[in-house]
Amino acid sequence: MATVELKNITKVYEGGVKAVTDVNITIQDKEFVVLVGPSGCGKSTTLRMVAGLEEITDGELYIDEKLMNDVAPKDRDIAMVFQNYALYPHMTVYDNMAFGLKIRKYPKAEIEARVHEAAQILDIEELLDRKPKALSGGQRQRVAVGRAIVRKPKVFLFDEPLSNLDAKLRVQMRAEISGLHNRLQATMVYVTHDQVEAMTMGDRIVVLKDGFIQQIGTPLGLYNRPVNRFVAGFIGSPPMNIMQAAVKEDGGRVYIDEGDFQIVIKGKYEEHIRPYVGKNILFGVRPEDIIYTQKPAKENNIPAKIEVIEPLGAEIHLYVSTSKHQMIARVLPSYEFKIGDVINFAPDYEKIHFFDMESEKILI
C-alpha cells in the first residue's frame, strides 16, 4: 500500500470558480481517511484530483512519495468506487470484475484467481454469472468494490458509494467496508456528506467547507474538540445546540446572559471569557449534555418549552425552545413529557463550548 500526500492543492474552474483552495492532507499507509462536508464543499473534486480525473490547478500530489500531477489515471495504481457503481450492463459480474485485468493483459489463470478471491471476500460467488440488472443495489455495490479489490491497488478511493442504498443497507455496508479495510490493510480515502458515515468509518476525518479544510482529526477528537462553529455544528447527530448570549459581570462574577437564563463562568473558562464582558459570544452544548432536571437547578438552570417529542426507543429527542433559541435534548424514556410543557435543564458545565461571534473560532 502507499501514502497519499496533498500539498497546497488548489482547483480553479473556468471563470475563476475556486472549488478547492490550498488543501494539505497527508494520508498514511493503511489509513482510512474520510473527506466529509456539505454538498459543494470540494470533497469529490479533491478525490477526483487524487484519481487523476480532475486536473490540479496548483499544488503537488504524491502517491507512494512519487509526484503524480502529470501521471495518467491508469498509471497511478489506484482503484475508484463510484456513487453509481459504473458497471457494464451487458457483462456478467465476473466479466465486470475481470475487465480491468483483461485490458492490462493479465494471464487468464491469475484473473480467475483474483476474481474468485475477491468474490469470496465479499460473499458474491453465487452472483458471478448474473448481469447487473439482476442484482439488488447492495449486490451491485459489492461488485463495484470487488472490481476495485481485484486490481490490488496501492490506494482505494470511494466517492459516496452508499448514497443510493436504503438506510438499513447503508448501515450494513458501512460495517462491511470497515471490515474490508481491516482485512486488506489498505490505504483508503472515502468521500461522504453523511457525518455519521464519517464518524463510524474513518481513522481520521477531514472536514471541508467551501473548498477549505476546517479541521482534521480523529472522530472523537472532532466531536469533543471542534475548532470552530461549523465543525461543532456539522459533526454530531443531532447537532450541537449553538446559541448567542451576552457576557456580563456583576460584583466580580462573570456570566453569560441568554435572556431567559444565565450561566455563571467559573474556573478555567473565566480567563477566556472575561475579555468579552460587554460583548456577545456563541456558546454550544450537545443534546446529551443538556440534562433534564425535574426541579430547577440552583445555578445555570435553563427553562424551555417542549415543541416536538421524538421517541426513539432507547432515548427521546426533545425539541425545546426559549424565547430566542431552539434546542434539542437527548433524554431517557423514563419520564412522561407533553408538548407545551415548560421543563428545566442544566448543562454539563465541563462540556460547554464557547465561540467568538465574528471569527466563529472556539475560545476554549
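The structure displayed is predicted, hence computed values, not measured ones. (Residues numbered from 1 in each chain as written. Predicted model: local features only at pLDDT ≥ 70, side-chain atom pairs only at ≥ 80, totals over all residues. Heavy atoms only, no water.)

A. Local environment of the packing of helix α2 (residues 93-103) against helix α3 (residues 108-122). The N-to-C vectors of α2 and α3 enclose an angle of 135 degrees; their axes lie 10 Å apart at closest approach. Here α3 runs oblique to α2, going by the angle between their axes. For the element pair α2 and α3, the recorded crossing hand is right-handed. Residues Y94, M97, A98, L101 and K102 of α2 touch α3, and the partners they reach there are I111, E112, R114, V115, H116, A118 and A119. Residues of the contact of α2 with α3, tallied by class, amount to eight nonpolar, one polar and three charged. (Axes fitted to C-alpha atoms, helices over the stretch in contact; angles between N-to-C directions. Helix = DSSP H or I, 4+ residues; strand = E, 2+ residues; numbered from the N terminus. Parallel < 35°, antiparallel > 145°, perpendicular 65-115°, else oblique. Left-handed = near helix turned anticlockwise from the far one by under 90°. Contact = heavy atoms within 4.5 Å. Nonpolar A, V, L, I, M, F, W, Y, C, P; charged D, E, K, R; others polar.)

B. Layout of the pairing of strand β11 (residues 241-250). As judged from the six bridges shared by β11 and strand β14 (residues 280-285), these two strands associate in the antiparallel manner. Across the sheet, N241 pairs through a bridge with V285, a residue of β14. Bridge count between β11 and strand β12 (residues 253-257): five bridges; the pairing is antiparallel. Within β12, the position partnered with K248 by the bridge is Y255. In sequence, β11 turns back onto β12 through a hairpin of two residues, with G251 there showing a positive phi of about 60 degrees. (Pairing = 2+ DSSP bridges.)

C. Representation of the layout of surface pockets. Of the volumes computed, that of the largest pocket is approximately 490 Å³. Going through the elements one at a time, β6 (78-81), α2 and α4 (137-151) are the ones with two or more residues in the lining of the largest pocket. No other element matches the four residues that α2 contributes to the lining of the largest pocket. (1 Å grid on protein atoms, 1.4 Å probe; cavity = no way out; pocket = protein on both sides within 12 Å on 5 of 7 lines; lining within 4 Å. Points joined across faces, edges and corners; volume = space filled by probe spheres on them.)

This is a description of form; function is not addressed.
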